[in-house]
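Spelled out from the first residue to the last, the chains are:
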Amino acid sequence: MRLALYREMTLNSLRTSLAFRSEVILFLFGQLLRLFVQVYIWRALFANSTELSSQSGMITLSEMITYSVVSTAISVFATNDVIFRVSRKVSSGEIAMDLIKPMSFRSVLFCQTLGVNVYRILFELLPLMMVSLILFGVHLPTLANGLAFLGLVVGGLILNFLITYAIGLIAFWYILVWQVNTVLDGLIRLLSGAFIPIWFFSDTLVKLSYFFPFRLIYYEPIAVFLGKTTGWANLLGLFAQQLAWIVGLLLLQRWMWGRAVRRLVVQGG
Amino acid sequence: MALIEVEYLRKEFKRQKRKDGFWPLMKSLVHREYEIKTAVENISFTIDRGEVVGYIGPNGAGKSTTIKMMVGILVPTSGIVRVNGLVPYENRIENARRIGAVFGQKSQLWWDTPVIESLRLTKYMYDIPNDRYERNMKLFNDVLDLDEFKKVAVRSLSLGQRMRADLCAALLHDPDIVYLDEPTIGLDVVVKERIRQFIREINRERGTTVILTTHDMADIEKLCSRVMVVDHGKLMYDGNLETLKNDFGNMEKMEVDTDEPFAMSEELRRMGVAFGLTEENRTQLTYDKNSINSTVIIKWIMERYSVRDFIVKETEIEQIIRDLYIHLQQQGTPVSAREEALI
Ligand SMILES: Nc1ncnc2c1ncn2[C@@H]1O[C@H](COP(=O)(O)OP(=O)(O)OP(=O)(O)O)[C@@H](O)[C@H]1O
Ligand SMILES: [Mg+2]
């Protein structure tokens, strides 16, 4: 293992983010605005009732508000620019400079993404959560569910990276990655439960969501957070699903990479 | 065993044909037509440990393409590259550990990171032991003079500064081989000289094998013991610099200052002397030194004019290569068939 190298690469990316510190206040304002909109939509939908029936039993308004807050929290670091990075590197030929280094291209990207994520957790997620806790009452999970939630979020993060990396690799064949990205965004928005929990979905949509890994990034961890999923068997089941997707994506990437490298034409020079 | 073995190496690029006009364009959306461009064609050579090889040729000759295949970032269409007994693109990471590379047009350093931080990352990248890192840094710092810009982010370096930083990064881990693709492009004379000195030292003291492409013939003259010339993807010449000079550097130039203006003479012309630029009383003459001796010419002139001064210039390497390229164009593919002319 080359932990020292990965640590240094991640720290370097974190330092770069710090040097380019984006406007934290502006970000916070934007995210809070979005949260407010969601909270008011849910208030309106609940109207006078305190509970709505769903696929996983009765849901209260305050649970929905918690759902929105946690979903926003996950979205802070489950958005990355890996697709964009890969396609830019491939089309500009900059990828050559990564390939002359004794390190896998994926590790380079992963460390860079991780560094940015750490930055975002410190400077975007923490302030956002503090303000949210004050403005909106948030349900806190039990210890067991809290820990499982954290584990699932980490798994979701890895899953998210692998999905975006696999899509980024398409750039070796087509430079139309932006269009693919738009489709992906739509799919995630719909099928991950980032905005509307899967428990309000119709039966067909629920079935459809099982064909994609996205629900394991947003919906399932949040359901654990809210205590809708409990019991060792169920929790382990979620981890197993994440693991299966991760292994599947790794295999897919190995296959793609083997092909991609063969057809790589390094532009310029 | 040779350090680098290249056998019948070939690289073809598929290029999409561009269509003009509406219908051809529409058709190309459905059915794409490609044309094949052979960038490297059946090149074979071997390079031994410790050699400094200049790899030269006109623009678009296939130099960078060959280097990319040797480095392992481009997969050959056919043929073999073996470096240290390994096939670079199949063992990319293993190969990358033992080589250094500088591509003049791109930087391998982290764009947004200060130079010194970038170099420190290199240390982790290649697992360089602490003491070796310190020792090399100190040495390279002296020669490349990194101090003045080591805290600056790579993106804000000047071209020459970036090149020095890149060279340092490529050599910190004491690679067996270093590939330099136009390492002196766009640099001022002082920096160029410094970089040449650095490369020479590395080669002499560590026995590092150097493969270098350049359009600056002074690089070749000052660094390389061996030259390989490619054109249109084919290896046209492979040998040492002296032989090249003897084969193609047979034209000599003489400048004569006389009291009275010099008149062209049929007799001299018949002796094989050509008249070059003439301004007032200074005359340039060129001739093949293998067929006529400069003393014969000067004697002929002194018998007829009073000579104030004269100099004999051996052909510069620049001129030799120019002659060679022109020679290749006439012997090889006709100029109009070249892709570059079409685009
Ligand atoms: N990715 C590519 N796709 C299509 N053709 C390419 C590609 N890369 C290079 N070529 C073509 O291959 C030929 C050789 O290119 P190469 O970059 O090796 O030349 P070079 O000798 O390095 O030239 P220069 O001195 O200008 O750097 C050129 O005709 C170029 O147009
Ligand atoms: Mg080139």
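Residues numbered from 1 in each chain as written. Chains lettered and ligands numbered in written order. Predicted model: local features only at pLDDT ≥ 70, side-chain atom pairs only at ≥ 80, totals over all residues. Heavy atoms only, no water.

The name given to chain B in an unreviewed UniProt entry is ATP-binding cassette domain-containing protein, and the organism recorded there is Cohnella terricola.

Looking at an unreviewed UniProt entry, one finds chain A named ABC transporter permease and attributed to Cohnella terricola.

A.B. asks: Please explain the overall build of chain A as it appears in this structure.
C.D. replies: In terms of regular secondary structure, chain A is built from eleven helices and two strands. Each helix and strand of chain A, ordered N terminal to C terminal, gives the series α-α-β-β-α-α-α-α-α-α-α-α-α. Here chain A has a C-alpha radius of gyration of 20 Å; the compact-globule value for 269 residues is 18 Å, and the two agree. Along the three orthogonal principal directions, the C-alpha set of chain A runs to about 70 × 40 × 35 Å. When contacts within chain A are restricted to residue pairs at least 6 apart in sequence, long-range pairs at least 24 apart make up 81% of them. About 13000 Å² of surface is accessible on chain A, with carbon and sulfur atoms providing 69% of the total. Across chain A, 20 positive and 11 negative side-chain charges occur, with their mean positions spaced 9 Å apart. (Helix = DSSP H or I, 4+ residues; strand = E, 2+ residues; numbered from the N terminus. Rg over C-alpha atoms; globule rule 2.2 N^0.38 Å. Contact = heavy atoms within 4.5 Å. Areas by Shrake-Rupley, 256 points an atom, 1.4 Å probe, with all protein chains shown as cover. Lys, Arg positive; Asp, Glu negative; His and termini not counted. Charge placed at Lys NZ, Arg CZ, Asp CG, Glu CD.)

A.B. asks: Would you mind going over helix α6 (residues 159-171) of chain B with me for this structure?
C.D. replies: Residues separated by three or four positions in an α-helix point in the same direction, a consequence of the helix having 3.6 residues per turn. Residues and elements named next belong to chain B. The end-to-end C-alpha distance of α6 is 18 Å, a good match for the 18 Å that 13 residues give at a rise of 1.5 Å each. Within α6, twelve of the 13 residues are buried, leaving the element largely enclosed by the surrounding structure. Next to the buried residues of α6 lie β5 (99-103), α4 (115-125), α5 (130-144), β6 (177-181) and α7 (189-206). (Expected span 1.5 Å × (residues − 1). Buried < 20%, exposed > 50% of the residue type's maximum accessible area, 1.4 Å probe, protein only.)

A.B. asks: Can you walk me through the sheet that holds strand β3 (residues 52-56) of chain B in this structure?
C.D. replies: Within a sheet, adjacent strands bond to each other through the backbone by hydrogen bonds, running parallel or antiparallel. Residue and element names in this part refer to chain B. Across the sheet, which stays open at both edges, the six strands sit in the order β5-β6-β7-β3-β8-β9 with mixed pairing between neighbours. Two strands in the sheet have a free side with no partner beyond their single neighbour: β5 and β9 (234-240). Within this sheet the neighbouring strands show an average axis-to-axis angle of 15 degrees, counted without direction. Examined bridge by bridge, β3 and strand β7 (residues 209-213) share four bridges and lie parallel to one another. Residue pairing across strands places V52 opposite V210, the latter belonging to β7. (Pairing = 2+ DSSP bridges. Axes fitted to C-alpha atoms, helices over the stretch in contact; angles between N-to-C directions.)

A.B. asks: What exactly am I supposed to notice about the pattern of salt bridges here?
C.D. replies: Any two side chains of opposite charge can pair, given that their charged atoms come close. Residues and elements named next belong to chain B. In this structure the tally under the stated criterion is 37 salt bridges over all chains. In this structure, K192 engages D216 in a salt bridge whose closest nitrogen and oxygen atoms are separated by 2.7 Å. Taken together, the residues span a long stretch of sequence, with K192 in helix α7 and D216 in the loop between β7 and α8 (217-223) at a distance of 24 residues. Put simply, R282 and E255 hold a salt bridge, and the shortest N to O gap is 3.6 Å. Of this pair, R282 sits in strand β12 (residues 282-288) while E255 sits in strand β10 (residues 251-258); the two residues are 27 residues apart in sequence, bridging distant segments of the chain. The exposure class assigned to R282 is partly exposed, which follows from its relative accessible area of 37%. It is possible to trace a salt-bridge network through shared partners that takes in K192, E193, R196, R200, D216, D219 and K222. (Salt bridge = Lys/Arg side-chain N within 4 Å of Asp/Glu carboxyl O.)

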